[in-house]
Amino acid sequence: MKGTSWKKQLERVIDTIADGIIITDQDGYILYANSASKNIFGVKQDELIGRKYDDPTLGTAMLDGKPLSGEDNPFMRAKSATKPVYNLEHAYYRPDGSQIIVSVNASPFCDGEKKVVGVILSIRDITDRKKIEYELQEKTKTLKTLIDASPLAVIALDLNWNVTIWNSAAEHIFGWRESEVLGKPQPYIPKDKIPEARMIRKRILKGESITGLEVQRFRRDGTPIYISIWAAPMYGPKNRIIGGISLVADITRQKREEEERMQLTRRMQLLLNSTDEGIYAIDTGGKVTLFNRSASKMTGYKVKEALGKQSHTLIHYSRVDGAPYPENKCPIMRALATGKGVRVDNEVFWRKDGTSFPVEYSAYPIIEMGSVHGVVVVFMDITDRKLEERLDIALNEVNAAINSTLSFSEIMRRVVEQATRAIGSETALIVLHENGSWVLRYLYGLPEDHLGIRFTDKDIPYIRLAVKSTKPLAVNDVYRDSRISQEVLRRFILRSILIVPLIMRGNVIGMLSFNYHSHLHKFTDHEVDFAVKLGASISLALENARLYETEKDVSNTLQSAVLTVPEKVEGVKYGHLYRSATESTKVGGDFYDIFEVEHGKVGIIIGDVSGKGIKAATLTSLVKNTIKAYAYEDTSSASIIRKTNEVVTRATTSAMFVTVFFGLLDIKTGELSYCSAGHPPGLLKRKAGAIDRLDTFSPAIGAFPGLNFIEDRVTLKKGDVLVLYTDGVTEARCNRGFFGEEKLIEVVGALRQKNIKEIPEIIFSKIMECTGGKLTDDIALIAVSLS
C-alpha cells in the first residue's frame, strides 16, 4: 500500500466489478469510467471521459423502440429526484450496430450545501437474462396453446384453491369464461358438494393422485352435468406442493345413455317376472295377439274378448285429457311404425265400463329378421300411486307451513286449512282439551259461530277411543257407528269422519277432525297413513314450539354475552353492528369484542362459528374467552390463536369450526399484529383514501389440532379506519349475484370523515339496498381507529 494513493487503489477495486461504473459531473459529463464500461458502450475507457452518458456518438439509447427521453434518462432521473433510482431498463445500440439491454442504478452525490454535484451510475448488461425471459414467455404461450387445444378441461388451482389455469375446454364444459374465474374459487361446485370437494383437496395436499373420479357438478346456467376427474398435485421449488391440476371430461351423455339402458333392462325384467303389470301385444294390423290376466283385471275385458280383436283402440283411444289421438300420433302406434320403443309416464287407459284409470306404460316393437311384426305394451295402474304422491306432496306442503312458524295458534290455523284441502274433505276442525272438556278452537269450512263450543267425553265418545289408542280413527258411515252421538250428528250433519289425535309430550291435547257432510266417503289406507304422518308432524311441531320458548330465553342470554363490548376502551374509537338473518334464530355464530390488554395494547376480535343455536353460541363463548385469556399472557397474535385452536379441538367433538380475526393494537405506535384464521380479510382505509387488504391467511380453528398460524403486522395512523366483518357481508345475495368484496371495498373507499360509530350502519345500509332488505346469513361489522 505504501506509495499507492487510496484513490488509485479504489479505482483498481472498481475495475474488478463486472458492472459498468460511471461517474458524471452535475451536467452529465463523464468524469470516470471503469474497465467494464468499455464492454457496455463498445468504446475504450479514455474515449468515454468528457462525453455525456447519452452522447449520440457513443450509440443510441432506446426505450420501447423510441429514443431515451429526459425523464427516462437515469442521470436526469437521479439528479431531479436527488435520491437514488434503481433498475431502470433500456436498450442500447453501440457504434458498431450491436444491441444490448441494460439495467441502470443511479445515485446523486451532493456538496456541503446539499446541491447535486454529480451522479454515480452502475450499468449492468442484462441482455442474456432478457433473452431467457423472452424464451420463457414464448414457451409459456406455446404451453397455453397446447392446453387450450386439449379436448379435456384443464384446471389448475393454487393452495387457496383459487383457479390459476382455465382452458377453452373448461369454458365449454362449465360455461364460465377464463376471465371470470381466474384468481377465484371454483364456481361450478354447489354448496352441497363442498364437503366432497374438500376431501378431494385434502387428498391432493397429501400428494395423492385421483383417477377417473365421477362426480356431479353444475354449468353456469344451472344445468347439472356429470364429469370424470383426473387430478394430481403441482410441485414447486424444493418439491413443495403449490396447488393441484385436474383434467376433466364431460361424461353427461354417457351417464344418460347408461341410465336409459338401465331403465330398459329394468323394464324388461318387470315384463318377464312381474304378473301385476298388464301386458298385451298387437300385430301390424292392430289386432291383439297377447292379453294377460292383469290386463284383463285392470280393463274389465276378458282374455277371449280381447284376443283377435281391435281391443287396443278401445283401451287406449285418447290422451290423458280425454281428447282423441290425431291420426298416427298414438305413441303405441308410433312405436309400431318406427320400430322404436316409447315410454309414457302419465296417460289413461279405458275400462270396458267406460271409466278411465291413470297408467304408465312402455311399448316395445317386436322385431324379427329386421322387420317389425308387432308391439308389446306393458302397463301399470298407478291410481294408488297418484293418490299417494298427491298426499305426500300435500304432507310436505303442510309440514313446510307448520314448520315455518313456532307459534302454536298459527300452526293450528295452517294445519286446519291446508290439511283439509290436501285430503279433500269438506270441512275440518280442531278441538283442544281444556279444564276437563273439549273446546272447538279452530275450524275450516264451518261457520265462525261454532268456535268456543264445548263437549264432554260423553258428548263425543269416539274421542275417548282416539285418546286411548293415540291413533287416527276413521268412520266411513257415522249413522252406522254407535260411537257418534246424535247431538253431534244434528249439529254438524256428519256422514264420514277421520279423527287425528294431537299429542304433546306424550299426552293427547286435542283432536283434528276431517269431515264429509254431503256424501259418504270410504277412507283409504293412504288417507289414514296421511293422517298418521300428519299427527306426528303436528305433534313434533307443537313440541318444537314449546322447546323454542325455552331455548329462546337461553339463546337471547348467550347472544348478549358474545356481542357485548365495553362502552369505552382507552386509546381507540370504534363502532359495531350485528344483524340476524332470521328472527326465529336469534343466536347465530357471529361474534366480536374489543378489550384492553396490559402494556398499552388493545385486543380486537371478530369471528364466525359454523352453525347456529345454543351449540354455536357455546362454542363462540369458548373461543372468545379463550382468546382473551391468552391475550393477557402472550404478545403474539398467531401464538394466541394456535393455543386457542388446541383448546377448541380438545373441548368439542362436533364438526363445527370457527373463522376468527384477532389483532393486538399498540395504541402508542399504531402497530397492529394480527392473525386471520380462515376469516375474510380485514380492510384498512387510510386517511388519504387508499385501502389496504389484510390478506395474510391462516386455517380456521376447531377442525384439526397441531395447525400452524401466521402473524402479520400493519401500522395504523391517526385518521386510518380498520373495518372487520363476517362472511355474511360479502355473501349477502343481491339481485345479480353477491354483495362481494369488491363492492365492500367500494363502499369503504367512499367513506369520508365520519363518526366511527356510524360506519357499520353505513355499510349495512348499502347491503340492505343491494339485497332489497333481505339477509340470508347473519352479519357482524366492527370499525376501529386510534383516538
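Residues numbered from 1 in each chain as written. Predicted model: local features only at pLDDT ≥ 70, side-chain atom pairs only at ≥ 80, totals over all residues. Heavy atoms only, no water.

J.: When you look at the overall build of the protein chain in this model, what are you seeing that I'm missing?
T.: If you tally the helices and strands in the protein chain, you get 23 helices and 35 strands. Relative to the globule expectation of 28 Å for 787 residues, the C-alpha radius of gyration of the protein chain, 41 Å, shows a markedly less compact shape. Once the C-alpha set of the protein chain is aligned to its principal axes, its extents read approximately 135 × 80 × 40 Å. Residue pairs at least 24 apart in sequence account for 55% of intrachain contacts in the protein chain once pairs closer than 6 positions are excluded. On the protein chain, roughly 41800 Å² of surface is accessible, and the fraction owed to carbon and sulfur atoms is 52%. Within the protein chain, one finds 105 positive and 99 negative side-chain charges whose respective centroids are separated by 1 Å. (Helix = DSSP H or I, 4+ residues; strand = E, 2+ residues; numbered from the N terminus. Rg over C-alpha atoms; globule rule 2.2 N^0.38 Å. Contact = heavy atoms within 4.5 Å. Areas by Shrake-Rupley, 256 points an atom, 1.4 Å probe, with all protein chains shown as cover. Lys, Arg positive; Asp, Glu negative; His and termini not counted. Charge placed at Lys NZ, Arg CZ, Asp CG, Glu CD.)

J.: How should I be thinking about the sheet that holds strand E9 (residues 163–166) in this particular structure?
T.: Taken in spatial order, the five strands of this open sheet run E9-E8-E12-E11-E10, and their pairing is antiparallel. On the outer flanks of this sheet lie E9 and strand E10 (210–218), each paired with one strand and no other. Here the strands of the sheet are splayed against their neighbours by 30 degrees on average, with no regard to which way each runs. Bridge count for strand E11 (residues 224–235) against strand E12 (residues 241–250) is nine bridges, and the pairing is antiparallel. Residue Ile 229 lies in a different strand from E12, and its bridge partner there is Val 248. In the packing of helix H8 (residues 194–205) onto the sheet, the strands contacted are E10, E11 and E12, and the crossing angle to E10 comes to about 155 degrees. (Pairing = 2+ DSSP bridges. Axes fitted to C-alpha atoms, helices over the stretch in contact; angles between N-to-C directions.)

J.: Looking at this model, I keep getting lost on the state of the cysteines. Mind explaining?
T.: Disulfide: a covalent bond connecting the sulfur atoms of a pair of cysteines. Enumeration according to the criterion identifies one disulfide in this entry. Each sulfur in the disulfide pair Cys 734 and Cys 770 lies 1.8 Å from the other. The disulfide joining Cys 734 to Cys 770 has a torsion of about 125 degrees about its S-S bond and is therefore right-handed. Of the two residues, Cys 734 is situated in strand E33 (residues 733–734) and Cys 770 in helix H23 (residues 759–771); the sequence distance between them amounts to 36 residues. What makes Cys 734 buried here is its relative accessible area of 13%. (Disulfide = S-S within 2.5 Å. Buried < 20%, exposed > 50% of the residue type's maximum accessible area, 1.4 Å probe, protein only.)

J.: Honestly, a negative patch on the surface in this entry has me stumped. Any pointers?
T.: On the surface, Asp 384, Glu 388, Asp 392 and Asp 525 cluster together to form a negatively charged patch. In this structure, Asp 384 sits in helix H14 (residues 383–403). (Patch = residues over 30% accessible without salt bridge, like charges linked within 9 Å, V, L, I, M, F, W, Y side chains within 5 Å. Salt bridge = Lys/Arg side-chain N within 4 Å of Asp/Glu carboxyl O.)

J.: When you look at empty space enclosed by the protein in this model, what are you seeing that I'm missing?
T.: Unoccupied space between atoms shows up once a probe the size of one water molecule is rolled over them. Counting across every chain of the model gives three cavities of 30 Å³ or more. What the largest cavity holds in volume is close to 180 Å³. Considering the residues around the largest cavity, the lining is formed by 17 residues, among which Leu 157, Gln 186, Ile 200, Ile 229 and Ser 246 are closest to the centre. Breaking the lining of the largest cavity down by element, the ones donating at least two residues are H8, E11 and E12. Across the lining of the largest cavity, the residue classes break down as 13 nonpolar, three polar and one charged. Taken as a whole, the second largest cavity holds about 130 Å³ of empty space. (1 Å grid on protein atoms, 1.4 Å probe; cavity = no way out; pocket = protein on both sides within 12 Å on 5 of 7 lines; lining within 4 Å. Points joined across faces, edges and corners; volume = space filled by probe spheres on them. Nonpolar A, V, L, I, M, F, W, Y, C, P; charged D, E, K, R; others polar.)

J.: In this structure, what is going on with the layout of surface pockets? I would like to understand it.
T.: Empty space within the second largest pocket amounts to approximately 250 Å³. In terms of lining, the second largest pocket is formed by 15 residues, of which the most central are Gly 719, Val 721, Arg 752, Gln 753 and Lys 754. Partitioning the lining of the second largest pocket into residue classes produces five nonpolar, three polar and seven charged.

J.: Is there a simple way to think about H14 in this case?
T.: One turn of the α-helix equals 3.6 residues, which is why residues spaced by three or four share an orientation. With 21 residues, H14 extends 30 Å between its outermost C-alpha atoms, agreeing within 8% with the 30 Å of an ideal straight helix rising 1.5 Å per residue. Buried residues of H14: Leu 387, Leu 391, Ala 394, Leu 395, Val 398, Asn 399, Ala 401 and Ile 402, and no others. Down the axis of H14, the smallest arc covering the buried residues is 160 degrees, so these residues share one side. (Expected span 1.5 Å × (residues − 1). Arc of directions from axis to C-beta.)

J.: Got a minute to help me understand the sheet that holds strand E27 (residues 658–666) in this structure?
T.: Strands belonging to one sheet form pairs held by backbone hydrogen bonds; the direction of such a pair is parallel or antiparallel. With antiparallel pairing, the five strands of this open sheet are ordered in space as E25-E26-E27-E28-E31. Two strands in the sheet have a free side with no partner beyond their single neighbour: strand E25 (590–597) and strand E31 (712–715). For this sheet, the mean angle separating the axes of adjacent strands, direction not counted, is 20 degrees. Sheet topology note: the E25/strand E26 (residues 601–609) ladder contains eight bridges and is antiparallel. Along E26, the bridge assignment pairs Phe 595 with Gly 603. Relative to E25, helix H19 (residues 613–631) is tilted by about 20 degrees, and along the sheet it contacts E25, E26 and E27.

J.: What should I look at first to understand the pairing of E25 in this one?
T.: Strand residues, when the strand is regular, have side chains that alternate between the two faces of the sheet. Burial of E25 is extensive: seven of the eight residues sit out of reach of the surface. What sits between E25 and E26 in their antiparallel hairpin is a turn of three residues, with His 599 showing a positive phi close to 65 degrees.

J.: Teacher, can you tell me more about the side chain of Asp 634 here?
T.: Within the secondary structure, Asp 634 is located in the loop between H19 and helix H20 (637–651). Among the polar contacts made by the side chain of Asp 634, one reaches the main-chain amide nitrogen of Ser 636 at a distance of 3.0 Å. A polar side-chain atom of Asp 634 sits 3.0 Å from a polar atom in the side chain of Lys 643. (Polar contact = N/O pair within 3.5 Å; in protein donor to acceptor, adjacent residues only side chain to side chain.)

J.: Please clarify how unusual backbone geometry should be interpreted in this entry.
T.: Leaving glycine aside, a negative phi is the common case for residues, and trans is the common case for peptide bonds. The phi dihedral of Thr 82 is positive, around 55 degrees, even though this residue is not glycine. With a relative accessible area of 52%, Thr 82 lands in the exposed category. Backbone geometry at Asn 239 places phi at a positive 60 degrees, although glycine is not the residue there. One can find Asn 239 in the loop between E11 and E12. The exposure class assigned to Asn 239 is exposed, which follows from its relative accessible area of 59%.

J.: So what exactly am I meant to see when it comes to the nonpolar core here?
T.: As a rule of thumb, soluble globular proteins bury nonpolar side chains together. Membership of the largest hydrophobic core comes to 32 residues, with the highest contact counts inside it found for Ile 430, Leu 512, Phe 514, Phe 530, Leu 534 and Ile 538. A total of seven residues in this core trace back to one element, the largest contributor, which is helix H15 (residues 408–423). In contact with Ile 430, not counting residues within four places along its chain, are Met 412, Val 416, Val 439, Leu 440, Arg 441, Tyr 442, Leu 502, Met 511 and Leu 512. Core analysis: the next-biggest nonpolar cluster, separate from the first, contains 25 residues, Leu 563, Val 565, Leu 716 and Ala 780 among them. (Core = buried A, V, L, I, M, F, W, Y, C linked by side-chain atoms within 4.5 Å.)

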